[in-house]
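Take a look at the letters that make up each chain.
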Amino acid sequence: MKRILVVEDNNLNMKLFYDILTYNKFVVEKAFDGIEAYKKIKEDVFDLVILDLQLPKLDGFALLEKLQKEKIRIPQIIIVSACAMDKDKNKALEFNIDTYITKPIDINNFITTVVSKLQ
(Lines give C-alpha, C1' and ligand atoms only; values in the text may rest on other atoms or scores of the structure.)
Protein backbone atom coordinates (compact mmCIF):
# COMPACT_ATOMS: atom_id res chain seq x y z
CA MET A 1 0.00 0.00 0.00
CA LYS A 2 1.14 3.52 -0.78
CA ARG A 3 2.02 5.71 2.20
CA ILE A 4 1.09 9.38 2.20
CA LEU A 5 2.06 12.13 4.64
CA VAL A 6 -0.46 14.96 4.82
CA VAL A 7 1.00 18.19 6.21
CA GLU A 8 -1.89 20.51 7.05
CA ASP A 9 -2.56 22.72 10.08
CA ASN A 10 -6.31 23.20 9.54
CA ASN A 11 -8.27 20.43 11.29
CA LEU A 12 -11.18 20.46 8.83
CA ASN A 13 -8.87 20.25 5.81
CA MET A 14 -6.87 17.49 7.49
CA LYS A 15 -10.03 15.49 8.15
CA LEU A 16 -11.15 15.94 4.55
CA PHE A 17 -7.78 14.81 3.13
CA TYR A 18 -7.55 11.91 5.59
CA ASP A 19 -11.08 10.69 4.84
CA ILE A 20 -10.63 10.91 1.06
CA LEU A 21 -7.27 9.14 1.10
CA THR A 22 -8.16 6.37 3.55
CA TYR A 23 -11.42 5.73 1.66
CA ASN A 24 -9.24 5.21 -1.41
CA LYS A 25 -7.11 2.66 0.49
CA PHE A 26 -3.99 4.76 1.14
CA VAL A 27 -2.06 4.61 4.41
CA VAL A 28 -2.08 8.16 5.77
CA GLU A 29 0.14 9.82 8.37
CA LYS A 30 -0.61 13.31 9.64
CA ALA A 31 1.60 16.28 10.49
CA PHE A 32 0.14 19.57 11.68
CA ASP A 33 3.22 21.78 11.32
CA GLY A 34 6.50 21.90 9.42
CA ILE A 35 8.67 20.66 12.31
CA GLU A 36 6.48 17.62 12.87
CA ALA A 37 6.54 16.91 9.12
CA TYR A 38 10.32 17.23 9.01
CA LYS A 39 10.72 14.70 11.84
CA LYS A 40 8.34 12.22 10.20
CA ILE A 41 10.04 12.52 6.81
CA LYS A 42 13.46 11.91 8.40
CA GLU A 43 12.22 8.89 10.36
CA ASP A 44 9.96 7.19 7.83
CA VAL A 45 9.49 6.55 4.12
CA PHE A 46 6.55 8.03 2.24
CA ASP A 47 5.51 7.61 -1.38
CA LEU A 48 3.86 11.04 -1.44
CA VAL A 49 3.70 14.17 0.67
CA ILE A 50 0.69 16.47 0.44
CA LEU A 51 1.99 19.80 1.67
CA ASP A 52 0.26 23.00 2.71
CA LEU A 53 2.46 26.10 2.43
CA GLN A 54 1.17 28.17 5.32
CA LEU A 55 2.16 26.15 8.36
CA PRO A 56 3.11 27.01 11.93
CA LYS A 57 6.70 26.63 13.19
CA LEU A 58 8.16 25.96 9.72
CA ASP A 59 6.26 26.88 6.55
CA GLY A 60 6.04 24.61 3.53
CA PHE A 61 8.80 26.26 1.50
CA ALA A 62 11.14 26.42 4.52
CA LEU A 63 10.50 22.70 5.05
CA LEU A 64 11.36 21.98 1.41
CA GLU A 65 14.55 24.07 1.70
CA LYS A 66 15.59 22.19 4.84
CA LEU A 67 14.97 18.80 3.20
CA GLN A 68 16.84 19.86 0.07
CA LYS A 69 19.78 21.21 2.05
CA GLU A 70 20.04 17.93 3.96
CA LYS A 71 19.57 15.92 0.73
CA ILE A 72 16.46 14.18 2.06
CA ARG A 73 14.43 13.14 -0.96
CA ILE A 74 10.70 12.56 -1.22
CA PRO A 75 9.55 10.72 -4.35
CA GLN A 76 6.44 12.88 -4.95
CA ILE A 77 5.08 16.12 -3.51
CA ILE A 78 1.75 17.81 -4.12
CA ILE A 79 1.34 21.34 -2.80
CA VAL A 80 -2.19 22.12 -1.66
CA SER A 81 -2.61 25.77 -0.72
CA ALA A 82 -5.17 28.54 -0.51
CA CYS A 83 -2.60 30.83 -2.15
CA ALA A 84 -2.98 30.58 -5.90
CA MET A 85 -0.39 33.23 -6.67
CA ASP A 86 2.02 32.75 -9.56
CA LYS A 87 5.02 33.52 -7.31
CA ASP A 88 4.17 30.50 -5.14
CA LYS A 89 3.71 28.27 -8.17
CA ASN A 90 7.02 29.49 -9.60
CA LYS A 91 8.78 28.89 -6.30
CA ALA A 92 7.35 25.36 -6.22
CA LEU A 93 8.90 24.76 -9.65
CA GLU A 94 12.29 25.69 -8.18
CA PHE A 95 11.89 22.56 -6.02
CA ASN A 96 10.82 20.52 -9.08
CA ILE A 97 7.24 20.39 -7.82
CA ASP A 98 4.85 20.73 -10.73
CA THR A 99 1.65 19.73 -8.96
CA TYR A 100 -0.10 22.55 -7.16
CA ILE A 101 -3.74 22.30 -6.09
CA THR A 102 -5.61 25.30 -4.76
CA LYS A 103 -8.08 25.19 -1.89
CA PRO A 104 -10.91 24.66 -1.67
CA ILE A 105 -10.18 21.42 -3.47
CA ASP A 106 -12.29 19.60 -6.02
CA ILE A 107 -12.47 16.10 -4.50
CA ASN A 108 -12.52 14.21 -7.80
CA ASN A 109 -9.60 16.22 -9.18
CA PHE A 110 -7.71 15.78 -5.91
CA ILE A 111 -7.90 11.99 -5.85
CA THR A 112 -7.19 11.76 -9.60
CA THR A 113 -4.07 13.84 -9.07
CA VAL A 114 -2.92 11.74 -6.10
CA VAL A 115 -3.41 8.49 -8.02
CA SER A 116 -1.58 9.82 -11.08
CA LYS A 117 1.38 10.91 -8.94
CA LEU A 118 1.66 7.44 -7.41
CA GLN A 119 1.68 5.49 -10.67
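The following paragraphs examine the structure supplied in this document. Here, residues in each chain are numbered from 1, in the same order as that chain's written sequence. Side-chain atom pairs in this predicted model are given and counted only at pLDDT of 80 or more, local residue features only at pLDDT of at least 70, and totals for whole chains, interfaces and linings cover all residues. As a rule here, side-chain values come from all non-hydrogen atoms in the structure, and water together with hydrogens is ignored.

**Description of the environment of L53**
Phase 1 of the analysis: Numbering of helices and strands runs from the N terminus, with a helix taken as a DSSP run of H or I at least four residues long and a strand as a DSSP run of E at least two residues long. With respect to the secondary-structure elements, L53 resides in the loop between β3 (48-51) and α3 (60-69).
Phase 2 of the analysis: Taking the relative accessible area as the measure of exposure, L53 reaches 5% and is therefore buried.
Phase 3 of the analysis: L53 sits 46 residues away from V7 along the chain, and the two C-alpha atoms are 8.9 Å apart.
Phase 4 of the analysis: Should any heavy atoms of two residues lie within 4.5 Å, those residues are considered in contact. Apart from residues lying up to four places away in sequence, L53 is in contact with D59, G60, F61, I79, V80, S81, D88 and Y100. Here the term buried applies to any residue with accessible area under 20% of the maximum for its type, exposed to any over 50%, and partly exposed to those in between, with areas from a 1.4 Å probe on protein chains only.

**Quick notes on the pattern of salt bridges**
Phase 1 of the analysis: Here, a salt bridge means any Lys or Arg side-chain nitrogen found within 4 Å of an Asp or Glu carboxyl oxygen. With the rule as written, the count across this model stands at 11 salt bridges.
Phase 2 of the analysis: Among the salt bridges present, the one from E70 reaches K66, with a minimum N-O distance of 3.5 Å.
Phase 3 of the analysis: Given the relative accessible area of 34%, E70 is considered partly exposed.
Phase 4 of the analysis: Since its relative accessible area comes to 30%, K66 is described here as partly exposed.

**Some thoughts on the layout of surface pockets**
Phase 1 of the analysis: Approximately 290 Å³ is the volume found for the largest pocket.
Phase 2 of the analysis: As defined here, a cavity is a set of points on a 1 Å grid over the protein atoms alone where a 1.4 Å probe fits but cannot get out. A pocket is an open set with protein on both sides within 12 Å along at least five of seven lines, and residues line them when an atom is within 4 Å of a point. Around the largest pocket sit 14 residues that line it, and R73, I74, I77, F95 and I97 are the ones nearest its centre.
Phase 3 of the analysis: Polar here means any residue outside two lists: the nonpolar Ala, Val, Leu, Ile, Met, Phe, Trp, Tyr, Cys and Pro, and the charged Asp, Glu, Lys and Arg; Gly therefore counts as polar. Class assignment of the residues belonging to the lining of the largest pocket gives a composition of eight nonpolar, three polar and three charged. Grid points are joined across faces, edges and corners, and a volume is the space filled by probe spheres set on the points.

**Things to note about the pairing of strand β4 (residues 77-81)**
Phase 1 of the analysis: For β4, the tally of buried residues reaches five of five residues, placing the bulk of the element in the interior.
Phase 2 of the analysis: Across the two faces of β4 the burial is the same, with I77, I79 and S81 and I78 and V80 all buried.
Phase 3 of the analysis: Only strands joined by at least two bridges in the DSSP assignment are considered to pair. Bridge count between β3 and β4: three bridges; the pairing is parallel. Within β4, the residue paired with L51 across the bridge is I79.
Phase 4 of the analysis: In terms of handedness, the path from β3 via α3 over to β4 forms a crossover that is right-handed.
Phase 5 of the analysis: In terms of strand pairing, β4 meets strand β5 (residues 100-102) through three bridges, oriented parallel. Note that in β5 the partner of I79 across the bridge is Y100. Here, the term right-handed applies to a crossover whose path from the first strand over the helix to the second runs clockwise when the strands point away from the viewer.

**Let's talk about α3**
Phase 1 of the analysis: Of the residues making up α3, those classed as buried are G60, F61, L63, L64 and L67. The buried residues of α3 occupy an angular sector of 155 degrees when the element is viewed end-on, so they sit on one face.
Phase 2 of the analysis: For α3, the secondary structure elements touched by its buried residues are α2 (34-43), β3, β4 and α4 (86-94).
Phase 3 of the analysis: For α3, the N-terminal capping position is held by D59, with its side-chain oxygen 3.0 Å away from the main-chain nitrogen of F61.
Phase 4 of the analysis: Just beyond α3, the residue with positive phi is K71, at close to 55 degrees. The arc in question is traced by the directions running from the helix axis to the C-beta atoms. Counted as a polar contact is a pair of N or O atoms within 3.5 Å, where, for protein atoms, one must be capable of donating a hydrogen and the other of accepting one, and residues adjacent in sequence contribute only when both atoms are in side chains.

**Brief notes about the pairing of strand β2 (residues 27-31)**
Phase 1 of the analysis: In this structure, strand β1 (residues 3-7) lies alongside β2, joined through five bridges in parallel fashion. For V6, the partnering residue across the bridge sits in β2 and is K30.

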